[in-house]
Amino acid sequence: MSVKPAVFGQAMIEVLGFESVARKELADPAPTLDHFKSEAKASLTLTLASLHLSARLFDLANSMLLRHYNEAKATPGSPAQQITNVLLGMITEMGNWFSLSQVLTTAKYRSRIRILTFAVGFGLAAVLDLQPVPIGGSATGGKFPYGVAIFEWLVVAASTLWGAPFWYEILKKIAPDIVGAADIRPAGPETAEPARALRG
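Residues numbered from 1 in each chain as written. Predicted model: local features only at pLDDT ≥ 70, side-chain atom pairs only at ≥ 80, totals over all residues. Heavy atoms only, no water.

Moving on, we get to the pattern of salt bridges. In total, this model carries three salt bridges according to the counting rule given. D34 serves as the salt-bridge partner of K73, at 3.6 Å between the closest nitrogen and oxygen. Here D34 lies in helix α3 (residues 33–50) and K73 lies in helix α4 (residues 55–73), a separation of 39 residues in the sequence. Classification of K73 as partly exposed rests on a relative accessible area of 48%. (Salt bridge = Lys/Arg side-chain N within 4 Å of Asp/Glu carboxyl O. Helix = DSSP H or I, 4+ residues; strand = E, 2+ residues; numbered from the N terminus. Buried < 20%, exposed > 50% of the residue type's maximum accessible area, 1.4 Å probe, protein only.)

Tallying each qualifying case throughout the model produces three aromatic pairs. Seen in terms of ring centroids, F8 and F98 are 4.3 Å apart; in terms of plane orientation they differ by 20°. Their pairing is stacked. Taken together, the positions of F8 in helix α1 (residues 5–15) and F98 in helix α5 (residues 79–128) put the pair 90 residues apart, joining distant regions of the chain. Neither F8 nor F98 differs from the other in exposure class; each is buried. Note on F122 and W153: the rings are 6.1 Å apart at their centroids and 80° apart in plane angle, and the pair reads as edge-to-face. Taken together, the residues F122 in helix α5 and W153 in helix α7 (residues 145–159) connect sequence positions 31 residues apart. Given the relative accessible area of 26%, F122 is considered partly exposed. (Phe/Tyr/Trp six-rings, centres within 6.5 Å; stacked < 30°, edge-to-face > 60°.)

None of the figures reported here should be taken as evidence of function without further support.
As structure tokens, this is what we get:
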């Protein structure tokens, strides 16, 4: 189950202690944006020590806090609204960062899987000596037997990158009578009754 960016941003705000500081500041009869910033930075420092956060995460969270603090301070509004804007801005930014990280991670994972699939396919083709291209007995195959064999193994390895759905669709176009028959489900109880009714 995927995590929504906003949920991730909200969770990070809570972990870093920004939300608890904001609640305390907003509960004060006279909240101020500057006091919130100083308390949030102090809370971030304590969180760094207690949870053993990385220095990079601390720098990112601190720069994010200062950036949204400066934006809120430059925007007219009550201190309570400014503090709320800081929290909302940080939640949005952390959510966007999470979404981008997910996209990059997925792309890297797929790239590694494709490389691994190609390597396994090539290894199996070499071990089993698969020959999908019938040129082994040709004149070219006689002059360059190793080159032809490697070429054929590469063809097998490359074919694994397209995946089963791709080749299934190709087979359906080449031999629709054979492959298409696999898509026809046998008549079950729900289809047998109408058939009897028609015969009756």
